[in-house]
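# Observations on the model geometry
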Protein chains: 2
Amino acid sequence: MTVTIDDVRRAAAVLDGVTVRTPVLRSDVLDERVGASVLVKCECLQRGGAFKLRGAFTKISSIPEAERARGVVAVSSGNHAIAVALSAKLLGTTATILVPEDAPAAKIDVVRSLGAEIVTFDRFTEDRDTVIGALVAERGLPFVPPYDDEAIIAGQGTAALELFEDVGTLDALVVPVSGGGLIAGSGIVAAALSPGTRMIGVEPATMDDTRRSLEAGERVAVPMTATIADGLTVTTPGAVTFPINQRQLERVVTVTDEQLVQAMRVAFEELHLVTEPSGVAALAALLTGAADVRGERVGVIVSGGNVGLERFRSLVYGD
Amino acid sequence: MTVTIDDVRRAAAVLDGVTVRTPVLRSDVLDERVGASVLVKCECLQRGGAFKLRGAFTKISSIPEAERARGVVAVSSGNHAIAVALSAKLLGTTATILVPEDAPAAKIDVVRSLGAEIVTFDRFTEDRDTVIGALVAERGLPFVPPYDDEAIIAGQGTAALELFEDVGTLDALVVPVSGGGLIAGSGIVAAALSPGTRMIGVEPATMDDTRRSLEAGERVAVPMTATIADGLTVTTPGAVTFPINQRQLERVVTVTDEQLVQAMRVAFEELHLVTEPSGVAALAALLTGAADVRGERVGVIVSGGNVGLERFRSLVYGD
């Protein structure tokens, strides 16, 4: 039970014509600030506003048509919800999405506009797994996990596949970590196409479960805490993703909320990209030096841009 | 004395490895709002933040090395200034740029950081051509015109060349118009690669010199008026660009400042692009219906994103 570069290539074939081949951008100012040659894979420009469509569409496509025709169920703070709703729509089925009550309104509006049914829960008092288990049992529909699944990992890996195809080998690849699906898929691709690449993960300072788990040598949990990185609020690494990441990651570093906002400013000014806090975690780690890549040729995934004008104003201008 | 598709292809070869092959994005929400299939060529993601590097680098490259080695001179409200300063730096020479006193500070800061010398003038009381003539005479250096030049037109045409290569034929292509270099180059490419494409230009409502000139059948001037579209403040069409545009354009439509801001909002929310007012003129014309393309497959060039956080705040949030 593992994921190979061939699985990622098969996912890329499934996604052909569905996902956008997002651009790789660079900026002289950014290079100077980081002290490295930085290649930015812009998944904030992906359809659905984040890399998540890659995994969700790959997974839902893999469910036999007769089974998925009655609908699918998912749980997400936002971007996976959008991706599942969009995938369901594109594949001619429906989605029911379990969403934390405090998820960003802009994301929920998009999910609703895509025709999905929304069920809310309180992520501070209710256990996510228990709530989703009850919903899946009640509806009797296939569940589309956000990260802990081979098809999801293979799908997410297609972002790095495009990156390496476009730019060749890299000294390091820096990737945001939540449940670990994106970086697991990225590492599988790096190992195959650019074996010398150091894989560096980035988590919010308050929710560094993968960093702690790597140190402990086993999956440990951190408490649910408030962070503006709403897409990176997983409390423990995935059972499928963690062993892969344990093999592949050099290390995981952390960034604070203020550093995320500063990275959003840099993305706006220097790259003309609209990004969300979770989306710039890896960029923030380059800017602070937490991910030390001086003098190197480094790839970074900017993973999402679903922030909305209202939230952007509050985060960036403090209004 | 004309510009051909072969000139544009030669410019593309000169620009290879210098400019970014910018992505073409689409959005389901945008398609629905416009009632068309809209393909967005993102020149706001171009190096230097606008399409202008294409023309400036092509032009400066075409000046014999011995001549350009002592430096070049240009006049610009911002994006052409950045493009000339960046081109000069990349080609190992220097640039002196004449800039209106009221040009956006964010743009001038970038020009200065690229090592160019800045000379200011008052665009409401001083005649641009007179001031630049005096500067060119004084310095004895080659002048890099912003639009009214065959090499510049060929260079700007490479944006449309990439667009048609990527998406095939289009029913219409909607392009912002200032001096008319970008749309002239775009029309040359369309005529060669997608002959049925209707070329639609877009100007600010208060500075519609190309629209009026097309109606009059000759180049007419409009007064210099205030508009937030600082990159589209040319008062009369170019002597070189106008005859080309007269042959190629179906028509020119106009948009107001408020419509430009609204288009910036849509670019932010739906495409995750940071854009400047001048850059979204064509997108604004699609959103208002001024450019009627219902049911069609239409290309639109978003031409620049050099807005800066401070000006974005003032324009979009009214702070």
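Residues numbered from 1 in each chain as written. Chains lettered and ligands numbered in written order. Predicted model: local features only at pLDDT ≥ 70, side-chain atom pairs only at ≥ 80, totals over all residues. Heavy atoms only, no water.

## With respect to the relation of the copies chain A and chain B
You can overlay chain A on chain B at an RMSD of 0.0 Å; the transform is a turn of 180° with a shift of 0.0 Å along its axis. On the angle and the small slide along the axis, the relation comes out as a two-fold axis. When each C-alpha of chain A is compared by its distance to the rotation axis, Leu 273 of chain A comes out closest, at 2.6 Å. The fraction of interface residues of chain A whose copies in chain B are also interface residues reaches 100%, indicating that both copies meet through the same surface. (Least-squares fit on C-alpha atoms with pLDDT ≥ 70 in both. Contact = heavy atoms within 4.5 Å.)

## Side note on the side chain of Asp 230 of chain A
All names here are of chain A. Checked against the element boundaries, Asp 230 lands in the loop between helix 10 (209–216) and helix 11 (241–248). Judged by its relative accessible area of 10%, Asp 230 is buried. A polar side-chain atom of Asp 230 sits 2.9 Å from a polar atom in the side chain of Arg 311. Once you skip the residues sitting within four places of it in the chain, Asp 230 turns out to touch Ser 77, Pro 104, Lys 107, Glu 276, Ser 278 and Arg 311. (Helix = DSSP H or I, 4+ residues; strand = E, 2+ residues; numbered from the N terminus. Buried < 20%, exposed > 50% of the residue type's maximum accessible area, 1.4 Å probe, protein only. Polar contact = N/O pair within 3.5 Å; in protein donor to acceptor, adjacent residues only side chain to side chain.)

## Quick notes on the interface of chain A and chain B
Every contact between the two is made by 27 residues of chain A and, on the other side, 27 residues of chain B. When chain A packs against chain B, the two sides together hide about 2400 Å² of surface, and 64% of this comes from carbon and sulfur. The largest per-residue losses of area from chain A upon contact with chain B belong to His 272, Leu 309 and Tyr 317 of chain A, which jointly make up 32% of the total buried on that side. Linking chain A to chain B there are four salt bridges. The partner of Asp 28 of chain B in a salt bridge is Arg 47 of chain A, with the nearest N and O atoms 3.5 Å apart. Taken together, the links from chain A to chain B amount to 14 residue pairs in polar contact (both at pLDDT 80 or more). Where the side of chain A that touches chain B is concerned, the elements lending two or more residues are helix 12 (257–271) and helix 14 (308–317) of chain A. The greatest single-element share of the side of chain A that touches chain B, amounting to six residues, is contributed by helix 14 of chain A. Classifying every residue of the side of chain A that touches chain B by side-chain character gives 15 nonpolar, five polar and seven charged. (Buried area = accessible area lost by both parts, 1.4 Å probe. Salt bridge = Lys/Arg side-chain N within 4 Å of Asp/Glu carboxyl O. Nonpolar A, V, L, I, M, F, W, Y, C, P; charged D, E, K, R; others polar.)

## A look at the packing of helix 12 of chain A against helix 14 (residues 308–317) of chain B
Closest axis-to-axis distance for the helix 12 of chain A/helix 14 of chain B pair is 9 Å, and the angle between their directions is 90°. It follows from the interaxial angle that helix 12 of chain A and helix 14 of chain B lie roughly perpendicular. Contacts from Arg 265, Phe 268 and Glu 269 of chain A of helix 12 of chain A reach helix 14 of chain B at Gly 308, Leu 309 and Phe 312 of chain B. The residue inventory of the contact of helix 12 of chain A with helix 14 of chain B, partitioned by class, reads three nonpolar, one polar and two charged. (Axes fitted to C-alpha atoms, helices over the stretch in contact; angles between N-to-C directions. Parallel < 35°, antiparallel > 145°, perpendicular 65-115°, else oblique.)

## Some points on the environment of Thr 275 of chain B
Residues and elements named next belong to chain B. Locating Thr 275 in the fold gives a position in the loop between helix 12 (257–271) and helix 13 (281–288). Residues Thr 275 and Ile 153, spaced 122 residues apart in sequence, show a C-alpha to C-alpha distance of 23 Å. Discounting chain neighbours no more than four positions away, the residues touching Thr 275 are Cys 44, Met 264, Ala 267, Val 280, Val 302, Gly 304, Gly 305 and Val 307.

## Remarks on the pattern of salt bridges
Residue and element names in this part refer to chain A. In the structure shown here, the tally under the stated rule is 54 salt bridges over all chains. Ionic pairing is found between Arg 112 and Asp 109, a salt bridge with its closest N-O pair at 3.9 Å. Placement of both Arg 112 and Asp 109 in helix 6 (residues 105–113) is noted, with a separation of three residues, approximately one turn of the helix. Here Arg 294 makes a salt bridge to Asp 292, at a shortest N to O gap of 3.3 Å. Under the relative-accessibility criterion, Arg 294 is labelled exposed at 63%.

## Section: the sheet that holds strand 7 (residues 198–204) of chain B
Residues and elements named next belong to chain B. Taken together, the six strands give an open sheet; going across it, the order is 1-2-9-6-7-8, and neighbouring strands pair in mixed fashion. Lying at the two open borders of the sheet, with one neighbouring strand each, are strand 1 (24–25) and strand 8 (249–255). Looking at chain direction, strand 6 (residues 172–176) and strand 9 (residues 297–302) are connected through three bridges and run parallel. When the bridges of strand 9 are listed, Leu 173 appears paired with Gly 299. (Pairing = 2+ DSSP bridges.)

## With respect to the sheet that holds strand 7 (residues 198–204) of chain A
All names here are of chain A. Taken in spatial order, the six strands make up an open sheet running 1-2-9-6-7-8, and their pairing is mixed. Either end of the sheet is taken by a strand with one partner, and the two such strands are strand 1 (24–25) and strand 8 (249–255). The sheet contact formed by strand 2 (residues 37–42) and strand 9 (residues 297–302) spans six bridges and is parallel. By the bridge assignment for strand 9, Cys 42 is matched with Val 302. Against the sheet, helix 9 (residues 181–193) contacts strand 6 (172–176), strand 7, strand 8 and strand 9, and its axis sits at roughly 170° relative to strand 7. Against the sheet, helix 12 touches strand 1, strand 2 and strand 8, its axis set at about 95° to strand 8.

## Some thoughts on the nonpolar core
Phe 312 of chain A together with Phe 312 of chain B are the most contacted members of the largest nonpolar core, which has 94 residues in total. For Phe 312 of chain A, the contacting residues outside a window of four places in its chain are Met 264, Phe 268, Val 307 and Tyr 317 of chain A together with Phe 268, Leu 309, Phe 312 and Tyr 317 of chain B. Counting residues in each nonpolar core, the second largest holds 30 residues, with Ile 153, Ile 183, Ala 190 and Ile 244 of chain B among its members. (Core = buried A, V, L, I, M, F, W, Y, C linked by side-chain atoms within 4.5 Å.)

## Thoughts on unusual backbone geometry
Located in the positive-phi region is His 272 of chain A, a residue other than glycine, with phi close to 60°. Turning to its location among the elements, His 272 of chain A is positioned in the loop between helix 12 and helix 13 (281–288).

## What to know about the environment of Arg 311 of chain A
Residue and element names in this part refer to chain A. Assignment of secondary structure puts Arg 311 in helix 14. We classify Arg 311 as partly exposed; its relative accessible area is 22%. For the pair Arg 311 and Glu 276, spaced 35 residues apart in sequence, the C-alpha to C-alpha distance is 9.1 Å. Look past the residues within four positions of Arg 311 in its chain and what remains in contact with it is Pro 104, Ile 228, Asp 230 and Pro 277.

## Focus on the confidence of the model for chain A
Averaged over chain A, the pLDDT score is 95; the fraction of residues at 70 or greater is 100%. Of the two predicted TM-score estimates for the complex, the pTM is 0.95 and the ipTM is 0.94. (pLDDT = per-residue confidence, 0-100.)

## A word on the environment of Arg 211 of chain A
Residues and elements named next belong to chain A. Of note, Arg 211 is situated in helix 10. A residue is classified by how much of its surface remains accessible, and Arg 211, at 24% relative accessible area, is partly exposed. Residues Arg 211 and Val 8, spaced 203 residues apart in sequence, show a C-alpha to C-alpha distance of 25 Å. Beyond its immediate stretch of four places on either side in the chain, Arg 211 contacts Glu 203, Val 252 and Thr 254.

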